[in-house]
Amino acid sequence: MSGKSLNEIRNAFLKYFEKNDHRIVESSNLVPNNDPTLMFTNSGMVQFKNVFTGLGKRDYKRATTSQKCVRAGGKHNDLENVGHTARHHTFFEMLGNFSFGDYFKEEAIEYAWEFVTQVLKFPIEQLWVTVHETDDEAYNIWKKYISEDRIKSLGDKDNFWQMGDIGPCGPSSEIFYDQGSENFSGDEDYLGGEGDRFLEIWNLVFMPNNFSFKSKFFKSKFSIQFTICPRKLNNRNFFTHL
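No experiment lies behind these values; they were computed from the predicted model shown.

A. Inspection of the pairing of strand E3 (residues 91–99) at higher detail. Judged by how many residues are buried, E3 sits mostly within the fold: seven of nine residues are covered. Where strand E2 (residues 62–70) meets E3, nine bridges bridge the pair, whose relative direction is antiparallel. Note that in E3 the partner of Ser66 across the bridge is Leu95.

B. Fine view of the packing of aromatic side chains. According to the stated counting rule, one finds 20 aromatic pairs in the structure shown. Residues Phe122 and Tyr177 carry aromatic rings whose centres are separated by 5.2 Å and whose planes lie at 65° to one another, so their mutual orientation is edge-to-face. With Phe122 in the loop between helix H3 (105–119) and strand E4 (127–132) and Tyr177 in strand E7 (residues 167–178), this residue pair connects regions lying 55 residues apart in the sequence. Put simply, the rings of Phe13, Tyr16, Phe17, Tyr103, Tyr111, Phe115 and Trp202 pair up and form one aromatic cluster. Sitting above the plane of the Phe206 ring, Lys105 keeps its charged end 5.3 Å from the centroid.

C. Here's a closer look at helix H1 (residues 6–19). Taking 1.5 Å as the rise per residue, H1 with 14 residues should run 20 Å; its terminal C-alpha atoms sit 20 Å apart, in good agreement. Residues of H1 that are buried include every one of Ile9, Ala12, Phe13, Leu14, Tyr16 and Phe17, and no others. In this structure, the buried side of H1 is in contact with strand E1 (23–25), E2, E3, H3 and strand E8 (198–206). In the segment just after H1, Asp21 is the residue with positive phi, at about 70°.

D. Unusual backbone geometry, seen in detail. The phi angle at Asp21 is positive, at roughly 70°, despite the residue not being glycine. For Asp21, the position within the fold is in the loop between H1 and E1. Its relative accessible area of 62% is what places Asp21 among the exposed residues. Phi at Lys121 takes a positive value of approximately 60°, unusual for a residue other than glycine.

Parameters and conventions
- Residues numbered from 1 in each chain as written.
- Predicted model: local features only at pLDDT ≥ 70, side-chain atom pairs only at ≥ 80, totals over all residues.
- Heavy atoms only, no water.
- Buried < 20%, exposed > 50% of the residue type's maximum accessible area, 1.4 Å probe, protein only.
- Helix = DSSP H or I, 4+ residues; strand = E, 2+ residues; numbered from the N terminus.
- Pairing = 2+ DSSP bridges.
- Phe/Tyr/Trp six-rings, centres within 6.5 Å; stacked < 30°, edge-to-face > 60°.
- Lys NZ or Arg CZ within 6 Å of the ring centre and 35° of its normal.
- Expected span 1.5 Å × (residues − 1).
- Contact = heavy atoms within 4.5 Å.

Given below as C-alpha cells:
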C-alpha cells in the first residue's frame, strides 16, 4: 500500500475485477437520471438500482466502477462531519464491484480479502472484520481468512445497509484497518465507535430485500422486523465499496 497514488489504486481495483470477469462501467452523473428519490448520486450502486430491484437489465452480471459521489444531504449526509474526522468527505470517488444474481457472499469476501491483502498489501495483523449479528453465513466465511477474535458482530446501526426509506437493503460486512492505539486513544476509538482509530476500508452489502410501503411489517430471513416491507429480491444480489 505504501507509496501508491490515488490513480494507481483506482486502476489496480478496476483491473483486478476486470480480470475476474467484471465489466468496467463508467461513473454515472452526479445528479441521478430518472431517480426522484435522490438529489445526488451518493454511492456506486445508484446507477444499478433498477437492476437490483428487477426493473432493469444489463447485458452483464458483474460490474466494477469508480463512481463520483456527493454526500451533502439526505440520508447519507457527511457534511456536518467534515473537518471533525479524518474520514468524512462531501465529494469523493467510491470504488465498487457488483453482482447481479451471479456470485454472492463466498466470492465477494474472497475478492475483497485478496485485493486488500495481496494487491494493496495491508498487514493482516492490523485488519478487523464486522458482520451483522444475525449473518452467521458471512461470519463463518470470514473465519477462513482471519482469526475469530478479529471478527465482531454488530447490530443494524453498523451492519445493515439501506439506500433510504425505500429501495434495496440488506446486511453488510466491513473490513477495518487499525491505525493503532498509540495514535488514537479517544473515548470513541474502538471498533464500532465514532473515532478514527479503526478506519473502514471496505463495505460488502448483501441485498435480499427491497423496502416498499406495501405492508405494515415483515420478518426477514435475518430475523429483523421493520415497519415497512422488504420485498424479496434475487437473493444473490450484492455490491461492495472501497
